[in-house]
Amino acid sequence: MADAQTLGKMSPQPLKVVERAKREPEGRFNSLAHLIDVPALERAYRRSRKDAAVGVDGVTKEEYGQGLEGNLQDLHERMKANRYRHQPIRRVYIPKGKGKVRPIGISAFEDKLIQDAVREVLEAIYEQDFLDCSHGFRPKRSAHDAVRTLDRIVHRGEVSWILEADIMSFFDSLDRKKLKEMLEIRVADGSLLRLIGKCLHVGVLDGVELSTSESGTAQGSVLSPLLGNVYLHYVLDLWFEQEVKPRLRGRATLVRYADDFVIGFEHEADARRVMDVLPKRVGNYGLTLHPDKTRLLPFRRPPAGQKGGKGPATFDFLGFTFYWARNRKGRWGMLCKTRSASLRRIIGSVYDWCRRHRHSSVKEQHAALKRRIQGHFNYFGVSGNFRSLLRVTEQAKRIWYKWLCRRSQRKRLTWERFADLLRDFPLPLPRITVKIWGS
């Protein structure tokens, strides 16, 4: 449910949608497209990032803003007259680790404004419908909140088994026809549904090659995360809450962040029953669970008398590896550390940047490295993960030293001189900034 602070930032019209969506949880909205007016497009403009990558139009926020009022009026007129056409999405690839890449779609600037204005309207409805198990891409919710939920149910003794799941290529695989049927449960406005369709049925420009697809929604689109949440709300969240849990013997909790989710079970028999039916359930909606990354494992608290400092099983979720370990008082508790793949990704990113920019000024290199490392720490700086953060800092120092040494063969950089340089240009120190355990 939307909180008071979020509601206070809304304009009066979306706020009315929020109030009605709360009041009528099964109601349908017949008139929504008129909410995407010039003020709504201007709010979308204000929310857009200044440094965002440009789409096929090559237009930046600054350039569009030079004639903002006229541009927004023209866009709104084209939309009302049904003359608005979504431009092809520009595809780029970002490193994923182990030499793999992830395709991301970048929309033209005007298309981003339309997508974000539509998102605002849909969010006013669906934030009242979404369940507490869903944490991804929602106001006032984060991946750390998902981890806290996981910690609470484990700490309360509600988890003996974990179902770790991975949906293959979720955003490329969701069925658009079924998504439309889901949206029509709450949205009866044909104009808004057609506008959403324009955002979905759009070509992708990969270099000079234009391609189209009959399924999925582009990763990188402003609207995609919300549409993905709507899809999994019906495919997974409601199904688990209304159909699965009432049939189980013990307690079970779904924790989902976008398409990444785990389910904790009290009893093994319940866990195995859900493990059997889950592939069929998602398969009915065009989705496939990864055979190697979807698994069921025991995750009960080790007995007090067990020797050793760690439990036998681990699982991965949201870039972390979770495991049982003894705390300083000798008691068993669930902790987490940065997943190996996430460590390789940040270290590889630092290495590649230093290699490609080794001839840039030390000041410029320092600023870029500081941003990368601090961004990593802001997410992974959770309770109990200090050792993983320290490893990132130490590796970054070695990498930076290596590539600074390659700048000149005549004047060798010694470790002593590098230590002096670090005093003037220090890298971020490991620091725990996010409290998870017992919060």
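Keep in mind the model is a prediction, meaning the values are calculated, not measured.

A. Representation of the overall build of the chain within the structure. A tally of helices and strands in the chain yields 16 helices and eleven strands. For 439 residues, the compact-globule estimate of 2.2 N^0.38 gives 22 Å, and the chain sits close to it at 24 Å. Each of the three principal axes of the chain carries a C-alpha extent, and together these read 70 × 65 × 40 Å. Buried positions account for 49% of the 439 residues belonging to the chain. Looking at the chain alone, contacts between residues at least 24 apart form 69% of all its contacts between residues at least 6 apart. About 22,600 Å² of surface is accessible on the chain, with carbon and sulfur atoms providing 49% of the total. Seen as two clouds, the 81 positive and the 51 negative side-chain charges of the chain have centres 8 Å apart.

B. Looking closely at a nonpolar patch on the surface. Among the surface-exposed residues, Phe386, Leu390 and Ile432 lie close enough to one another that they form a single nonpolar patch of about 240 Å² accessible area. Along the polypeptide, Phe386 turns up in helix α15 (residues 386-405).

C. Expanded view of the sheet that holds strand β11 (residues 332-338). Taken in spatial order, the three strands make up an open sheet running β9-β10-β11, and their pairing is antiparallel. If you trace the sheet from one side to the other, it starts and ends with β9 (310-317) and β11, each paired once. The average undirected angle you get between the axes of adjacent strands in this sheet is 25°. Sheet topology places β9 next to strand β10 (residues 320-326); five bridges connect them, and they run antiparallel. For Phe317, the partnering residue across the bridge sits in β10 and is Phe320. Where helix α7 (residues 143-155) meets the sheet, it contacts β9, β10 and β11, and its direction lies at approximately 30° from that of β10.

D. Spotlight on the environment of Gly375. Residue placement: Gly375 occurs in helix α14 (residues 362-380). In this structure, the C-alpha to C-alpha distance between Gly375 and Lys140, residues 235 residues apart in sequence, is 19 Å.

E. Broad picture of the pattern of salt bridges. In the structure shown here, the tally under the stated rule is 26 salt bridges. One salt bridge in this structure joins Arg119 and Asp116, with 2.6 Å as the shortest N-O distance. Residue Arg119 and its partner Asp116 are located together in helix α6 (residues 109-126), separated by three residues, close to a single helical turn. Taking relative accessible area as the criterion, Arg119 reaches 14% and is therefore assigned buried.

F. Representation of the packing of helix α13 (residues 340-356) against α15 in the model. Where α13 contacts α15, the axes come no closer than 9 Å and their chain directions differ by 20°. For the element pair α13 / α15, the angle class is roughly parallel. Two packed elements cross with a definite hand, and for α13 against α15 that hand is right-handed. Of the residues in α15, those in contact with Leu343, Ile346, Ile347, Val350, Tyr351, Cys354 and Arg355 of α13 are Ser388, Arg391, Val392, Gln395, Ala396, Ile399, Trp400, Lys402 and Trp403. In terms of residue class, the contact of α13 with α15 is made up of eleven nonpolar, two polar and three charged.

G. A look at unusual backbone geometry. In this model, Asn82 sits at a positive phi of 60°, which is unusual for a non-glycine residue. Relative to the helices and strands, Asn82 resides in the loop between α5 (68-80) and β1 (89-97). Since its relative accessible area comes to 48%, Asn82 is described here as partly exposed. Residues other than glycine seldom take positive phi values, yet Lys140 does so here, at roughly 60°.

H. Expanded view of the confidence of the model for the chain. Mean pLDDT over the chain works out to 91, with 94% of the residues at or above the 70 mark. Across residues 4-8 the pLDDT falls below 50, and counting only partners more than four positions away or on other chains, this stretch makes seven contacts in the model.

I. Expanded view of the sheet that holds strand β8 (residues 295-298). With antiparallel pairing, four strands are arranged side by side in an open sheet as β6-β7-β3-β8. Two strands lie at the open edges of the sheet, namely β6 (252-257) and β8, each paired on one side alone. Strand after strand, the sheet turns through a mean of 15° between neighbouring axes, direction not considered. Summarising the sheet, strand β3 (residues 161-166) and strand β7 (residues 260-265) pair through six bridges and their orientation is antiparallel.

J. Looking closely at the environment of Thr60. Examined against the element boundaries, Thr60 turns out to sit in the loop between α3 (38-47) and α4 (61-65). The sequence separation of Thr60 and Arg49 amounts to eleven residues, and the corresponding C-alpha distance is 9.4 Å.

K. Quick peek at the environment of Pro14. Within the fold, Pro14 resides in helix α2 (residues 12-23). Residue Pro14 is classed as buried on the basis of its relative accessible area, which comes to 4%. Not counting the four nearest positions on each side in its chain, Pro14 is found in contact with Arg43, Glu120 and Ala124.

L. Spatial organisation of the packing of α5 against α6. Packing of α5 against α6 brings their axes to within 12 Å, and their N-to-C directions diverge by 65°. Between α5 and α6, the angle is such that the two are roughly perpendicular. When you trace α5 past α6, the crossing you get is right-handed. For the pair α5 and α6, the contacting residues are Asn71, Leu72, Leu75, Arg78 and Met79 in the first and Glu110, Leu113 and Ile114 in the second.

Thresholds applied
- Residues numbered from 1 in each chain as written.
- Predicted model: local features only at pLDDT ≥ 70, side-chain atom pairs only at ≥ 80, totals over all residues.
- Heavy atoms only, no water.
- Helix = DSSP H or I, 4+ residues; strand = E, 2+ residues; numbered from the N terminus.
- Rg over C-alpha atoms; globule rule 2.2 N^0.38 Å.
- Buried < 20%, exposed > 50% of the residue type's maximum accessible area, 1.4 Å probe, protein only.
- Contact = heavy atoms within 4.5 Å.
- Areas by Shrake-Rupley, 256 points an atom, 1.4 Å probe, with all protein chains shown as cover.
- Lys, Arg positive; Asp, Glu negative; His and termini not counted.
- Charge placed at Lys NZ, Arg CZ, Asp CG, Glu CD.
- Patch = residues over 30% accessible without salt bridge, like charges linked within 9 Å, V, L, I, M, F, W, Y side chains within 5 Å.
- Salt bridge = Lys/Arg side-chain N within 4 Å of Asp/Glu carboxyl O.
- Pairing = 2+ DSSP bridges.
- Axes fitted to C-alpha atoms, helices over the stretch in contact; angles between N-to-C directions.
- Parallel < 35°, antiparallel > 145°, perpendicular 65-115°, else oblique.
- Left-handed = near helix turned anticlockwise from the far one by under 90°.
- Nonpolar A, V, L, I, M, F, W, Y, C, P; charged D, E, K, R; others polar.
- pLDDT = per-residue confidence, 0-100.

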